[in-house]
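# Descriptive structure summary
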Amino acid sequence: MSVRLYTLGRLALERDGAEVSGDAAQPRRLALMALLAAAPDGLTRDKVIGFLWAEQRSARAILNESVFVLRSVLGKPAIRTVGEILRLDPLEVWTDVRVFQERMVAGALHEAVELYRGPFLDGFYVRGTAEFEQWVGREQDRLRREYGRALEALAERAAAAGAAASAAEWWRRIAEHEEFSVRVAFRYVEALVQAGEPVLALRYAAAFTERMTKEMGVEPEGSVLEHARALASKAPPPAGSARFRAE
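Residues numbered from 1 in each chain as written. Predicted model: local features only at pLDDT ≥ 70, side-chain atom pairs only at ≥ 80, totals over all residues. Heavy atoms only, no water.

Turning our attention to the overall build of the protein chain. Looking only at helices and strands, the protein chain has ten helices and seven strands in total. What you see for the protein chain is a C-alpha radius of gyration of 23 Å, clearly larger than the 18 Å of a compact globule of 247 residues, by over 25%. Considering only C-alpha atoms, the protein chain reaches an extent of 70 × 40 × 25 Å along its principal axes. A separation threshold of at least 6 residues defines the contact pool for the protein chain, and within that pool the share at least 24 residues apart is 60%. Only carbon and sulfur atoms are counted for the fraction: they give 51% of the accessible area of the protein chain, which is about 12700 Å². (Helix = DSSP H or I, 4+ residues; strand = E, 2+ residues; numbered from the N terminus. Rg over C-alpha atoms; globule rule 2.2 N^0.38 Å. Contact = heavy atoms within 4.5 Å. Areas by Shrake-Rupley, 256 points an atom, 1.4 Å probe, with all protein chains shown as cover.)

Following this line, the structure appears as structure tokens:
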């Protein structure tokens, strides 16, 4: 039996390639799985209760029932218990957040960034769990920053290796990830010009300036468009067709 838990992007729990439904897919039970996925050393029962059932008198019984239901669907070894600690067995349950963090530590950045499908638990909500919602926000920020750092490291590696087209493609992904970052906009414009795509640099700079003005109500600090124009004026004519999506 294969169990997979996706948390980077839309939350999804799968068994043998099919998404789990029914009692095991109740929001708090999925939230329990997400909590354990982000804590490889496990969490105490009291900690889990504090996140998910703090206001309920029979919280411990509800947690025990939730563990029983999940084990009945995913297999008993999926959730291990050592005294008061609950943890997912990594040999029984594959989780993208665990593998993402392992790849980051190992420096396998290509593999790490491909696991990041979107913000942690994107769009997932459990009513009446303020502490859980705050935790989700912190994890989203932390993982988002790690993803951005990985992308930037890959862009820098490509540039150092003389792979200008690859560097520009990485900066495109960074610009999509940090769509209102002036610093990233400048770097993406520079990468496009280095890759022989001054027209796309100008197009992106104009679109970025318009988006900042419309959606943020401010002119971006420094002129990304002027920077693009200055670089494009010094760039040699493009040798081939455009290869990047700059919009």
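We now examine the sheet that holds strand β6 (residues 85-88). Spatially, β4-β6-β5 is the arrangement adopted by the three strands of the open sheet, whose pairing is antiparallel. The open sheet terminates on both sides in strands that have one partner only, identified here as β4 (43-44) and β5 (79-82). Here β5 pairs with β6 via four bridges, running antiparallel. Among the inter-strand pairings, Ile79 is bridged to a residue of β6, identified as Leu88. Contacting β4, β5 and β6, helix α1 (residues 27-37) runs over the sheet at an angle of about 85 degrees to β6. Running at roughly 135 degrees to β5, helix α3 (residues 59-74) makes contact with β5 and β6 of the sheet. (Pairing = 2+ DSSP bridges. Axes fitted to C-alpha atoms, helices over the stretch in contact; angles between N-to-C directions.)

In this fold, Gly118 is placed in the loop between α5 (109-115) and α6 (130-160). With a relative accessible area of 10%, Gly118 lands in the buried category. Each C-alpha atom of the pair Gly118 and Thr95 lies 15 Å from the other, and the pair is 23 residues apart in sequence. (Buried < 20%, exposed > 50% of the residue type's maximum accessible area, 1.4 Å probe, protein only.)

This next bit is on the environment of Ile49. If you trace the backbone, Ile49 turns up in helix α2 (residues 45-52). When residues no more than four places from it in sequence are discounted, the contact partners of Ile49 are Ala54, Ala59, Arg60 and Leu63.

Tallied over the entire structure, the rule returns 18 salt bridges. Here Arg80 and Asp89 are joined by a salt bridge, their closest N and O atoms 2.9 Å apart. Exposure remark for Arg80: the relative accessible area of 36% places this residue in the partly exposed category. The partner of Lys214 in a salt bridge is Glu210, with the nearest N and O atoms 2.9 Å apart. Of this pair, Lys214 and Glu210 both sit in helix α9 (residues 198-216), four residues apart, which is roughly one turn of that helix. Salt bridges here are not isolated pairs; linked through shared partners, they connect Asp46, Arg60 and Glu84. (Salt bridge = Lys/Arg side-chain N within 4 Å of Asp/Glu carboxyl O.)

Now for the packing of aromatic side chains. Scanning the entire structure with this criterion turns up nine aromatic pairs. Ring centres of Phe120 and Trp135 lie 5.5 Å apart, and the angle between their planes is 80 degrees; this geometry places the pair in the edge-to-face category. In this pair, Phe120 sits in the loop between α5 and α6 while Trp135 sits in helix α6, placing the two residues 15 residues apart along the sequence. Overall, Trp135 belongs to the buried group, its relative accessible area being 9%. Linked through ring pairs, Phe51, Phe120, Phe124, Phe132 and Trp135 together constitute an aromatic cluster. Over the face of the ring belonging to Trp94 we find Arg4, whose NZ or CZ atom lies 3.8 Å from the ring centre. (Phe/Tyr/Trp six-rings, centres within 6.5 Å; stacked < 30°, edge-to-face > 60°. Lys NZ or Arg CZ within 6 Å of the ring centre and 35° of its normal.)

All we've got here are geometric facts, nothing functional implied.
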